[in-house]
Amino acid sequence: MDERVIGRSGQWASVIGLGTWQLGADWGDVDDKEALTVLETAAESGVTFFDTADVYGDGRSEETIASFLRGRPDLHVLVATKMGRRVEQIPQNYVLDNFRAWNDRSRRNLGVDRVDLVQLHCPPTPVYSSDEVFDALDTLVAEGRAAAYGVSVETCAQALTAIARPNVASVQIILNPFRMKPLREVLPAAREAGVGIIARVPLASGLLSGKYTKDTVFAADDHRTFNRHGEAFDQGETFSGVDYDSGVEAAAEFAALAPEGYTPAQLALRWIVEQDGVTTVIPGARSPEQARANAAAAKLPPLPAHTFAAIRELYDRRIRDQVEHRW
Ligand SMILES: NC(=O)c1ccc[n+]([C@@H]2O[C@H](COP(=O)([O-])OP(=O)(O)OC[C@H]3O[C@@H](n4cnc5c(N)ncnc54)[C@H](OP(=O)(O)O)[C@@H]3O)[C@@H](O)[C@H]2O)c1
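The protein has the name Aldo/keto reductase in an unreviewed UniProt entry, where Streptomyces lucensis JCM 4490 is given as its organism.

Here is the structure:
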């Protein structure tokens, strides 16, 4: 699979990576064996970038990745983790002592001396404007605890503030055919500054696969049940912040735009991969079949211009007004 450099980190990632929130099994059931098979299938399909977080399964996702990579010393996979969400979300918690403690735990879980890429995990907005925070992150790198750092953000404004910091290597942001605002300013700014873009929630939590109906019932412990209106964390993380019923209707229209040989999910991934400035896309996969199909999108032919135009028209007509004022 093609690889691209993650901005200032100088490290390389496959254009399609793997999101591993699912492997923490915070929501839905993915047992240990299935989780290892998802990682194995992704790696065998050419994926060289895994995104995880200390909070996914309270460390289970990191530990599963470590266990997989221990058994496959032949593989070179870049692992990006995140920190900051195991404590109360107040700026006062974003200090060097906490960073060191959080990093110690991630390094233990991942079984490494140095984390490849550590990302602040959607911190409160004032954190982005704090020189002390970024000095502390520089210290983590100077101490050899992390090769590079980035931020995972909720809004375009947060992304632009982070990109202006000199040593931020990457910005992780929601970008998909139902979340286009980052194309306007964030991607150009990232390109200009040499900051990598990690596109998350690329399938709008699965909506863009076109497989759900208005009657689909998600498990009680699935955020697609309990966070539809932002009850537990930012609403934008669930279905990209799109109202479910109208999202299902828009997803049916989106699915009809898939060229022959593409599934709707692959159309969404391909659309993202082809945006100038994107480094890697990290679909979450609950099964090996999903991991394989998602990786395969990297090898599909480029999309025709009329498909880009039709996706834009759909977004403008059905989605833009729901999301652009918030994120
Ligand atoms: N704040 C943050 O930094 C943050 C927040 C959210 C996510 N993330 C990262 O981004 C990654 C991706 O986000 P996400 O997993 O929430 O959303 P996503 O990638 O948009 O959607 C994942 C869901 O899509 C469905 N799916 C996946 N591949 C499919 C395929 N080939 N065909 C049909 N359906 C498919 C599955 O749904 P079913 O389960 O219904 O099968 C899967 O659970 C996460 O794993 C995590 O690493 C970071």
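Before going further, it helps to spend a moment on helix 9 (residues 264-273). Of all ten residues in helix 9, ten are buried; the element is thus mostly enclosed. Every buried residue of helix 9 is listed here: Pro-264, Ala-265, Gln-266, Leu-267, Ala-268, Leu-269, Arg-270, Trp-271, Ile-272 and Val-273.

Of note in this structure, Asp-58 is not a glycine but carries a positive phi near 50°. Inspection of the secondary structure assignment puts Asp-58 in the loop between strand 4 (49-51) and helix 2 (60-71). A positive phi angle is found at Ser-205, which is not glycine, with a value near 60°. By the secondary structure assignment, Ser-205 is in the loop between strand 9 (196-200) and helix 7 (223-226). On the accessibility criterion, Ser-205 (15% relative accessible area) is buried.

In the vicinity of the ligand there are 31 residues, among which Asp-51, Ser-152, Leu-203, Tyr-212 and Arg-286 approach most closely. Taking Gly-284, its main chain carries an N or O atom lying 2.9 Å from an oxygen atom of the ligand. Calculation on the ligand without its partners gives an accessible area of 900 Å², and the protein chains cover 92% of this total. When grouped by side-chain class, the residues that make up the shell around the ligand number twelve nonpolar, twelve polar and seven charged.

For the rest of this paragraph, the subject is the nonpolar core. Within the largest apolar cluster, 88 residues are counted, with the highest numbers of intra-cluster contacts made by Phe-50, Phe-99, Leu-120, Leu-137, Val-171, Phe-178 and Leu-207. Those residues in contact with Leu-137, other than ones at most four positions away along the chain, are Met-83, Phe-99, Leu-120 and Tyr-149. Ile-6, Ala-13, Ala-169 and Ile-282 belong to the second largest nonpolar core, which has ten residues in total.

Scanning the model with the defined rule gives 13 aromatic pairs in all. Relative to Phe-68, the ring of Phe-50 has its centre 6.3 Å away and its plane inclined at 45°; by these criteria the two rings are tilted. On the criterion of sequence distance, the pair formed by Phe-50 in strand 4 and Phe-68 in helix 2 is long-range, its members being 18 residues apart. Phe-50 sits in the buried class, given a relative accessible area of 0%. Between Phe-218 and Tyr-244, the aromatic rings sit 6.1 Å apart at their centres with planes inclined by 85°, giving edge-to-face as the arrangement. In this pair, Phe-218 sits in the loop between strand 9 and helix 7 while Tyr-244 sits in helix 8 (residues 244-255), placing the two residues 26 residues apart along the sequence. Taken individually, Phe-218 and Tyr-244 each receive the classification buried, so the pair is uniform in this respect. Following the ring pairs from residue to residue traces out a cluster consisting of Trp-21, Tyr-56, Phe-226 and Phe-233. Geometry around Tyr-244 places Arg-228 over its ring, the cationic atom sitting 4.2 Å from the centre.

Within the open sheet, the eight strands sit side by side as 3-4-5-6-7-8-9-10. Their pairing is parallel. This sheet does not close on itself; its edge strands, each paired only once, are strand 3 (18-19) and strand 10 (280-281).

In this section: the environment of Ser-246. By the secondary structure assignment, Ser-246 is in helix 8. Each C-alpha atom of the pair Ser-246 and Asp-2 lies 35 Å from the other, and the pair is 244 residues apart in sequence. Not counting residues within four places of it along the chain, the set of residues in contact with Ser-246 comprises Arg-318 and Gln-322. In this structure the side chain of Ser-246 is engaged in a polar contact, spanning 3.0 Å, whose partner is the side chain of Gln-322.

Turning our eyes to something else, we now look at the pairing of strand 5 (residues 78-83). Where burial is concerned, most of strand 5 is hidden: six out of the six residues are buried. In this structure, strand 4 lies alongside strand 5, joined through three bridges in parallel fashion. Paired with Phe-50 across the bridge in strand 5 is Val-79. Chirality of the crossover, the property in question, places the unit of strand 4, helix 2 and strand 5 among those that are right-handed. Where strand 5 meets strand 6 (residues 117-121), four bridges bridge the pair, whose relative direction is parallel. Across the sheet, the residue bridging to Ala-80 is Leu-117, located in strand 6.

Below, the discussion takes up helix 6 (residues 186-193). Of all the positions in helix 6, only Val-186, Leu-187 and Ala-190 are classed as buried. In an axial view of helix 6, the angular spread of the buried residues amounts to 95°, which keeps them on one side of the axis. The positive-phi residue at the C-terminal boundary of helix 6 is Gly-194, with phi of around 75°.

Right, let's talk about the pattern of salt bridges for a bit. Taken as a whole and judged by the stated rule, the model has 27 salt bridges. With its nearest N and O atoms 2.6 Å apart, the salt bridge here joins Arg-200 to Glu-237. In this pair, Arg-200 is assigned in strand 9 and Glu-237 in the loop between helix 7 and helix 8, connecting sequence segments 37 residues apart. Summarising the burial analysis for this pair, Arg-200 and Glu-237 share the class buried. Residue Lys-214 pairs with Glu-249 through a salt bridge whose shortest N-O separation is 2.5 Å. With Lys-214 in the loop between strand 9 and helix 7 and Glu-249 in helix 8, the pair connects residues that are 35 residues apart, well separated along the chain. Through salt bridges that share partners, Asp-97, Arg-100, Asp-104, Arg-107, Glu-143 and Arg-145 make up one connected network.

Cut-offs used in this document
Residues numbered from 1 in each chain as written. Predicted model: local features only at pLDDT ≥ 70, side-chain atom pairs only at ≥ 80, totals over all residues. Heavy atoms only, no water. Buried < 20%, exposed > 50% of the residue type's maximum accessible area, 1.4 Å probe, protein only. Helix = DSSP H or I, 4+ residues; strand = E, 2+ residues; numbered from the N terminus. Near = heavy atom within 4 Å. Polar contact = N/O pair within 3.5 Å; in protein donor to acceptor, adjacent residues only side chain to side chain. Areas by Shrake-Rupley, 256 points an atom, 1.4 Å probe, with all protein chains shown as cover. Nonpolar A, V, L, I, M, F, W, Y, C, P; charged D, E, K, R; others polar. Core = buried A, V, L, I, M, F, W, Y, C linked by side-chain atoms within 4.5 Å. Contact = heavy atoms within 4.5 Å. Phe/Tyr/Trp six-rings, centres within 6.5 Å; stacked < 30°, edge-to-face > 60°. Lys NZ or Arg CZ within 6 Å of the ring centre and 35° of its normal. Pairing = 2+ DSSP bridges. Right-handed = clockwise from strand over helix to strand, strands pointing away. Arc of directions from axis to C-beta. Salt bridge = Lys/Arg side-chain N within 4 Å of Asp/Glu carboxyl O.

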